[in-house]
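What follows is the residue order along each chain.
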Amino acid sequence: MQFMLLFSRQGKLRLQKWYVPLSDKEKKKITRELVQTVLARKPKMCSFLEWRDLKIVYKRYASLYFCCAIEDQDNELITLEIIHRYVELLDKYFGSVCELDIIFNFEKAYFILDEFLLGGEAQETSKKNVLKAIEQADLLQELTDPHNTSVTLQVQQKWRAVLELSSRTVLSQARKTKTYMDVVSANGCIRIGVEQGGFGPPV
């Protein structure tokens, strides 16, 4: 895959991901041409088209168009499935995703895409694994957010669940290293082992 574009029916670009090195001027030119070309096509027309030396695969979901550019030897149906899987991930994360979710949470949309695709190729086909990685990243962001003066009860419960699932062997290794990262909250302190992947007990 060369790049992926998300744009609205009005031609407003909502997300862009490039997997080939291009100048900003060339990116803008490509985006403008493709948006005009795709929007000019009728609803019942094929979702594949040839453009320059590339093949364009697009699909409309509600008010958003998902558009990918692939090389001539790549499979259009697999690309269409990749688009659909990305939409499923967005829908699962946001809950009935809409254009406003992409606008106000674009960093999450990029993060989901990066967990799903690497270098323009699918690196993880399991929706469960992708969503699990996103949930862990959200948890870490909430823990390390400097604007949060305390760790919420929900975050504490999640970390305690992680600690309970850790094996006794990992816990003992973490205690032997005596290397912990303290996350201070209003109700106490959670100690997280940062060496050898261990977890220390909540204090």
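Residues numbered from 1 in each chain as written. Predicted model: local features only at pLDDT ≥ 70, side-chain atom pairs only at ≥ 80, totals over all residues. Heavy atoms only, no water.

Caption draft 1: Representation of the overall build of the chain in the model. The helix and strand tally for the chain stands at seven helices and nine strands. Counting the 203 residues in the chain, one finds 35% classified as buried. A fraction of 45% describes how many contacts in the chain between residues 6 or more apart in sequence connect residues 24 or more apart. About 12,500 Å² of surface is accessible on the chain, with carbon and sulfur atoms providing 52% of the total. (Helix = DSSP H or I, 4+ residues; strand = E, 2+ residues; numbered from the N terminus. Buried < 20%, exposed > 50% of the residue type's maximum accessible area, 1.4 Å probe, protein only. Contact = heavy atoms within 4.5 Å. Areas by Shrake-Rupley, 256 points an atom, 1.4 Å probe, with all protein chains shown as cover.)

Caption draft 2: Spatial organisation of helix α4 (residues 106–116). The set of residues buried in α4 consists of K108, A109, I112, L113 and F116. Viewed along the axis of α4, the buried residues span an arc of 140°, placing them on a single side of the element. (Arc of directions from axis to C-beta.)

Caption draft 3: Region of interest: the layout of surface pockets. Estimates place the volume of the second largest pocket at around 170 Å³. In terms of lining residues, the second largest pocket is bounded by V38, R41, K42, P43, M45, S47, Y58, K59, R60 and Y65. Here the lining of the second largest pocket gets three residues from one element, more than from any other, and that element is strand β4 (residues 54–61). Considering only residue class, the lining of the second largest pocket consists of five nonpolar, one polar and four charged. (1 Å grid on protein atoms, 1.4 Å probe; cavity = no way out; pocket = protein on both sides within 12 Å on 5 of 7 lines; lining within 4 Å. Points joined across faces, edges and corners; volume = space filled by probe spheres on them. Nonpolar A, V, L, I, M, F, W, Y, C, P; charged D, E, K, R; others polar.)

Caption draft 4: How the structure looks around the sheet that holds strand β1 (residues 3–8). The five strands lie next to each other as β2-β1-β5-β4-β3, forming an open sheet whose pairing is antiparallel. Whereas interior strands pair on both sides, the edge strands pair on one side only; in this sheet they are β2 (13–18) and β3 (48–51). For this sheet, the mean angle separating the axes of adjacent strands, direction not counted, is 20°. Bridge analysis of β1 against strand β5 (residues 64–70) gives six bridges, and the strand direction is antiparallel. Within the sheet, the bridge partner assigned to L5 lies in β5 and is C67. (Pairing = 2+ DSSP bridges. Axes fitted to C-alpha atoms, helices over the stretch in contact; angles between N-to-C directions.)

Caption draft 5: Geometry of the environment of L6. Here L6 lies in strand β1. Taking the C-alpha atoms as reference points, L6 and C68, 62 residues apart in sequence, are found 8.9 Å from one another. Those residues in contact with L6, other than ones at most four positions away along the chain, are K12, L13, R14, L15, Y65, F66 and Y86.

Caption draft 6: The pattern of salt bridges, seen in detail. This structure, assessed with the given rule, holds eight salt bridges. Note that D138 is salt-bridged to K108, the shortest N-O span being 2.4 Å. One end of the pair, D138, is in helix α5 (residues 127–144); the other, K108, is in helix α4, and 30 residues separate them in sequence. Overall, K108 belongs to the buried group, its relative accessible area being 15%. Among the ionic contacts, a cluster of salt bridges with common partners joins E26, E33 and R52. (Salt bridge = Lys/Arg side-chain N within 4 Å of Asp/Glu carboxyl O.)

Caption draft 7: Seen up close, a negative patch on the surface. Residues E50, D53, E71, D72 and E121 make up a contiguous surface patch of negative charge. A relative accessible area of 33% places E71 in the partly exposed class. (Patch = residues over 30% accessible without salt bridge, like charges linked within 9 Å, V, L, I, M, F, W, Y side chains within 5 Å. Lys, Arg positive; Asp, Glu negative; His and termini not counted. Charge placed at Lys NZ, Arg CZ, Asp CG, Glu CD.)

Caption draft 8: Expanded view of the packing of α4 against α5. As a packed pair, α4 and α5 sit with axes 10 Å apart at the nearest point and diverge in direction by 135°. With respect to α5, the element α4 is oriented oblique. The handedness of the crossing between α4 and α5 comes out as right-handed. Within the contact between the two elements, α4 uses K108, F111, I112 and E115 and α5 uses V130, A133, I134, A137, D138 and Q141. A class-by-class count of the residues in the contact of α4 with α5 yields six nonpolar, one polar and three charged. (Parallel < 35°, antiparallel > 145°, perpendicular 65-115°, else oblique. Left-handed = near helix turned anticlockwise from the far one by under 90°.)

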